[in-house]
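Okay, here's what each chain looks like letter by letter:
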Amino acid sequence: MEEGTSKSLSRCDVTDDDSDPFQWDTREDCEVRQILDRVADKWSLLVIALLERRTLRFTELRHEIDGISQRMLTVTLRQLERDGLVRRTVYPVVPPKVEYALTDLGCTLHETIKSLVTWTEEHQEEIAAARAAYDRREAATTGI
């Protein structure tokens, strides 16, 4: 066993006797993994969170998301649209007006994301303390 690895069993309780630790296929071509990779991506999470409140244009999204490039926002929106989570509406005006909104499916995902954010907010101090303890142990081990 690797040094620092706990020898105790996991404290996570399993409530379903049929649970399968391999239910999420780790192969790259697994559809479940591909969907999880998409919806768990930091840019996707931010886009979904912003679109939950209202319909936004591309430039509005770009201004709201600190650090995202035009290319990355374009890619993210296209992927979310392809997955049926975001609806793109083009208005036939000059210059072209394009708006983005969550679909009904995207709204259901937003509820799940809200739960994750709530959990993060509730446990951020514990996580910060764990990180600090880890960094102290690493510094002591490596002498840095």
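Remember, it's a predicted structure, so these values are computed and weren't measured experimentally. All chains use their own residue numbering, which begins from 1 and follows the written sequence. The predicted origin of the model limits local features to residues at a pLDDT of at least 70 and limits the giving and counting of side-chain atom pairs to 80 or more, whereas totals for whole chains, interfaces and linings rest on all residues. In computing side-chain values, all of the structure's heavy atoms are included and hydrogens and water are not.

Starting at the N terminus, helices and strands are each numbered in turn, a helix being any DSSP run of H or I of at least four residues and a strand any DSSP run of E of at least two. As for its placement among the helices and strands, Glu99 is situated in strand β3 (residues 97–102). Contact definition: two residues touch when any of their heavy atoms are within 4.5 Å. Not counting the four nearest positions on each side in its chain, Glu99 is found in contact with Thr55, Leu56, Arg57, Arg87, Arg88, Thr89 and Tyr91.

Another point: the packing of helix α2 (residues 42–53) against helix α5 (residues 104–142). Angular values range over 0 to 180 degrees, each being the angle between N-to-C directions of two axes fitted as lines to C-alpha atoms, with helices fitted over their stretch in contact. Where α2 contacts α5, the axes come no closer than 10 Å and their chain directions differ by 110°. The angle between the axes of α2 and α5 places the two elements in the roughly perpendicular class. Only Gly106, Leu109, His110 and Ile113 of α5 make contact with α2, whose side of the interface consists of Leu45, Ile48, Ala49 and Glu52. Amino acids are sorted into nonpolar (Ala, Val, Leu, Ile, Met, Phe, Trp, Tyr, Cys and Pro), charged (Asp, Glu, Lys and Arg) and polar (every other residue, Gly among them). Looking at the contact of α2 with α5 residue by residue, the classes come out as five nonpolar, two polar and one charged. An angle below 35 degrees is treated as roughly parallel, one above 145 as roughly antiparallel, one from 65 to 115 as roughly perpendicular, and anything else as oblique.

Okay, the pattern of salt bridges next. Any carboxyl oxygen of Asp or Glu within 4 Å of a side-chain nitrogen of Lys or Arg constitutes a salt bridge here. Scanning all chains against the criterion turns up five salt bridges. Note that Arg38 is salt-bridged to Asp83, the shortest N-O span being 2.7 Å. Of this pair, Arg38 sits in helix α1 (residues 31–39) while Asp83 sits in the loop between α4 (70–82) and β2 (86–91), and the two are 45 residues apart along the sequence. Close ionic contact of Arg54 with Glu64 constitutes a salt bridge, the shortest N to O distance being 4.0 Å. Separated by 10 residues along the polypeptide, Arg54 in the loop between α2 and β1 (56–57) and Glu64 in helix α3 (residues 58–64) bring together distant segments of the chain.

Side-chain atoms within 4.5 Å are what join buried Ala, Val, Leu, Ile, Met, Phe, Trp, Tyr and Cys residues into a set we call a nonpolar core. Buried means the residue's accessible area, taken with a 1.4 Å probe over protein chains only, is under 20% of the maximum for its type, while exposed means over 50%, and partly exposed covers the values in between. Core analysis: the largest hydrophobic core is formed by 21 residues, its most contacted members being Leu51, Leu61, Leu73, Leu77 and Tyr100. Elements that contribute at least two residues to this core include exactly α2, α3, α4, β3 and α5. Beyond its immediate sequence surroundings of up to four residues, Leu73 is in contact with Val47, Phe58, Leu61, Arg62, Ile65 and Ile68.

As a further point, take the confidence of the model for the protein. Caution is warranted with low-pLDDT regions, since their predicted coordinates should not be read in detail. One number per residue, pLDDT, summarises how confident the predictor is, and it ranges from 0 to 100. Confidence in the prediction for the protein averages 84 pLDDT; 79% of positions are at 70 or higher. Across the protein, the secondary-structure element scoring lowest on mean pLDDT is α1, at 82, and the one scoring highest is β1, at 97.

Attention shifts here to unusual backbone geometry. In this structure, the amide linkage connecting Val94 to the following residue, Pro95, adopts the cis form with an omega of -10°. By the element assignment, Pro95 lies in the loop between β2 and β3.

Working note: α-helix, 3.6 residues per turn, so residues spaced by three or four point in the same direction. Here the bend at a residue is taken as the angle between two axes, fitted respectively to the seven residues that end there and the seven that start there. At His123, α5 shows its maximal kink, close to 60°. Every buried residue belonging to α5 is among Gly106, Leu109, His110 and Ile113, and all of these are buried. Lining the buried residues of α5 we find α1, α2 and β3. Of the residues trailing α5, Gly143 is marked for its positive phi of about 75°.

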